[in-house]
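If you want the building blocks of each chain, they are given just below.
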There are 2 protein chains.
Amino acid sequence: MSRRDEVLLAALDLLDEVGLEDLTTRRLAERLGVQPSAMYRHFASKQALLDAMVEHLATVADGPVPDGDWSEQLRRIAEESRNGMLRVRDGARLIATHRTPGPAAIAAFDQLTAMMHATGLPEPIARSAVDTVICYVNGFTIEEQSRRPAAPTRTRADKNADFRAGLELIITGIRCSLPAG
Amino acid sequence: MSRRDEVLLAALDLLDEVGLEDLTTRRLAERLGVQPSAMYRHFASKQALLDAMVEHLATVADGPVPDGDWSEQLRRIAEESRNGMLRVRDGARLIATHRTPGPAAIAAFDQLTAMMHATGLPEPIARSAVDTVICYVNGFTIEEQSRRPAAPTRTRADKNADFRAGLELIITGIRCSLPAG
DNA sequence: ACCTGAACACCGTTCAAGT
DNA sequence: ACCTGAACACCGTTCAAGT
C-alpha cells in the first residue's frame, strides 16, 4: 500500500471520528505523526484529498449493475448507494457536495436508464425515474446523517424500513407509468 | 428594522455572492464597515447567524397548507420548498445541513400527513409519502445547486421540468397505493 | 521519496474599553 | 445600544531545506 493510500485511509478514519467540520489537514498530520505540510507531497490540496475520499466511497457504490428485473436493480442500486454513504460519518454530505460524477457513476447511470427503457418506458421517463431515485437516496441519507443525536427516537432498523418504504413508493410510481402495467 | 436584521440580510446577500465556503464573519464585517467582533453583539456565534438565515429562508417555504386535493397540496409544498432554497446560492445545503426542523415546519408536516390520512392512506404510509417527497426535494435541489457551472447544458426551464417529472412519479406512486384507485 | 521548519494570509471568538 | 482594539488558538498553503 502506497503512502498516499495510508494518508487517504487515515483521513477517512478521522472523518468518521470527528465529522466533516473538524476534518482538518493539521489534525490529520497530527494523527499521522507528521508536520502539516507533509500532506502536500501526496495531495495537491485538501480539496484533492476530499475528492479522493469521495472516489473511495463511491467505488463501493458504483459497482456493476446487478442481475434481476428493473425494480430489483433499482432497489440494489439505491441500497448500495446509501450503504456507501453510511460507511463514514457525514459520508452523504461529503459525496453530495464534492462529487463530480466520475466515469463509473455515469456509466452505471446510463446502463440503468437503458435497461428501464428496454422495459418499455419512454426514454425521457426512464431517465427521470433513475434521477428521482438518486435524488431520493441522497436527500434521505443526508438528512439521516445530519440529525443531531439529541433524541434518537428511531433506531437504525426503523430508518432502514423508512428508507425502503419511500423507495417502494417511487418504484410503484414507475410501475404505474409503464405502458402495459 | 433592527440592526440585527440588517446584519442578517447582509449575511444572506453575502452568501448569495460568495457561496457557503466563503461566507466568513470577517468578510461580513468588512461589508458592513465594521470590526469582526461587532457581530457578536447581535448573534452569539456564526452558528446562531446561520440558524437565523435558515429560519429566514424556511419561513418563506413553511407557510400555511394551501387549498386543493392532496396531490395539489403536495405539488405546492414541494415547489415552494424548492423555491425557498433557490432564493440564495447554496440555500439547499445551508438548510439541509443546519436545520433543526423548527415548529412551523413540524406543524406543516403533521397537517399534511393528517390530510393524506384522511384521503384514505393508512397513517404510516401517509407519513412515508410526505417524507419521501421532502427527501426528493432536498436531494434534487442540493444537487441542482452544487453543480459546478462548467457546462450548463440544461437551462433553468429544463431543471424545472425535470423536477416536476420526478415529483409526478412519486405522486403517481402514492395514488397507486391508495385503497380505491 | 518523504518529511521538517518557518513563514503567510486567513479563520472564529473573547474581552476590556470606548461613545 | 453599538462598536473598537488587541489578543488567542486555530486554519490551508508555500517553499526552501534536510535525509
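Caption draft 1: Representation of the overall build of chain A within the structure. For chain A, the count of helices and strands is eight helices and zero strands. For chain A, the C-alpha atoms occupy an extent of roughly 65 × 40 × 25 Å along the three principal directions. Counting only residues that meet the buried cut, chain A has 46% of its 181 residues in that class. For chain A, contacts bridging at least 24 residues in sequence account for 70% of all contacts bridging at least 6. Total accessible area on chain A stands at roughly 9100 Å², and carbon and sulfur atoms take up 52% of it. Side-chain charges of chain A comprise 22 positive and 25 negative groups, with the mean position of each set lying 5 Å from the other.

Caption draft 2: Quick peek at the nonpolar core. Core analysis: the biggest nonpolar cluster contains 50 residues, and A:L49, A:M53, A:L94, B:L49, B:M53 and B:L94 have the highest contact counts within it. Other than its neighbours up to four places away in sequence, B:L49 contacts B:L8, B:A11, B:L28, B:M39 and B:F43. Residues B:L74, B:A78, B:M116 and B:A129 belong to the second largest nonpolar core, which totals 47 residues.

Caption draft 3: Structural detail: the relation of the copies chain B and chain A. Once chain B is rotated about the relating axis by 180 degrees and shifted along it by 0.0 Å, it coincides with chain A to within an RMSD of 0.0 Å. The two molecules are tied by a two-fold rotation axis, judged by turn and shift. Both copies present the same face, since 97% of the interface residues in chain B are matched by interface residues at the equivalent positions in chain A.

Caption draft 4: Representation of the protein's contact with DNA strand D within the structure. Close to DNA strand D lie 15 residues; A:T25, A:R26, B:R3, B:Q35 and B:S37 are nearest. A breakdown of the atoms of DNA strand D within 4 Å of the protein gives sugar and phosphate a share of 49%. Contacts to DNA strand D include A:Y40, whose side-chain N or O atom sits 2.9 Å from a phosphate oxygen. B:S37 has a polar side-chain atom sitting 2.7 Å from a base oxygen of DNA strand D. Broken down by class, the residue content of the surface near DNA strand D amounts to four nonpolar, seven polar and four charged.

Caption draft 5: Spotlight on the interface of chain B and chain A. With 30 residues of chain B at the contact, the number on the chain A side is 29 residues. Overall, the association of chain B and chain A removes approximately 2500 Å² of surface from exposure, summing both partners, and the carbon and sulfur fraction of that is 59%. Joining chain B to chain A, the criterion identifies zero salt bridges. Our count for the contact surface shared by chain B and chain A stands at two residue pairs in polar contact (both at pLDDT 80 or more). For the side of chain B that touches chain A, the element with the highest residue contribution is helix α7 (residues 123-146) of chain B, accounting for 10 residues.

Caption draft 6: The arrangement of the protein's contact with DNA strand C in detail. The local shell around DNA strand C holds 15 residues, among which A:R3, A:Q35, A:S37, B:T25 and B:R26 are the closest. The sugar-phosphate backbone supplies 49% of the atoms of DNA strand C found within 4 Å of the protein. Here a base nitrogen of DNA strand C sits 2.6 Å away from a polar atom, N or O, in the side chain of B:R26. At 2.8 Å from a phosphate oxygen of DNA strand C is found a main-chain nitrogen or oxygen belonging to B:K46. Of the residues that constitute the surface near DNA strand C, the class distribution is four nonpolar, seven polar and four charged.

Caption draft 7: Summary view of the pattern of salt bridges. Evaluated as defined, the whole model comprises 23 salt bridges over all chains. The closest approach of N and O atoms between B:R164 and B:E79, which form a salt bridge, is 3.5 Å. In this pair, B:R164 sits in helix α8 (residues 156-175) while B:E79 sits in helix α4 (residues 70-86), placing the two residues 85 residues apart along the sequence. Relative accessible area serves as the criterion here: at 41%, B:R164 is assigned to the partly exposed category. Residues joined by salt bridges that share partners form a network here, namely A:E72, A:R75, A:R76 and A:E168.

Cut-offs and rules
- Residues numbered from 1 in each chain as written.
- Chains lettered and ligands numbered in written order.
- Predicted model: local features only at pLDDT ≥ 70, side-chain atom pairs only at ≥ 80, totals over all residues.
- Heavy atoms only, no water.
- Helix = DSSP H or I, 4+ residues; strand = E, 2+ residues; numbered from the N terminus.
- Buried < 20%, exposed > 50% of the residue type's maximum accessible area, 1.4 Å probe, protein only.
- Contact = heavy atoms within 4.5 Å.
- Areas by Shrake-Rupley, 256 points an atom, 1.4 Å probe, with all protein chains shown as cover.
- Lys, Arg positive; Asp, Glu negative; His and termini not counted.
- Charge placed at Lys NZ, Arg CZ, Asp CG, Glu CD.
- Core = buried A, V, L, I, M, F, W, Y, C linked by side-chain atoms within 4.5 Å.
- Least-squares fit on C-alpha atoms with pLDDT ≥ 70 in both.
- Near = heavy atom within 4 Å.
- Polar contact = N/O pair within 3.5 Å; in protein donor to acceptor, adjacent residues only side chain to side chain.
- Nonpolar A, V, L, I, M, F, W, Y, C, P; charged D, E, K, R; others polar.
- Buried area = accessible area lost by both parts, 1.4 Å probe.
- Salt bridge = Lys/Arg side-chain N within 4 Å of Asp/Glu carboxyl O.

Function cannot be read off these values alone, since they describe shape.
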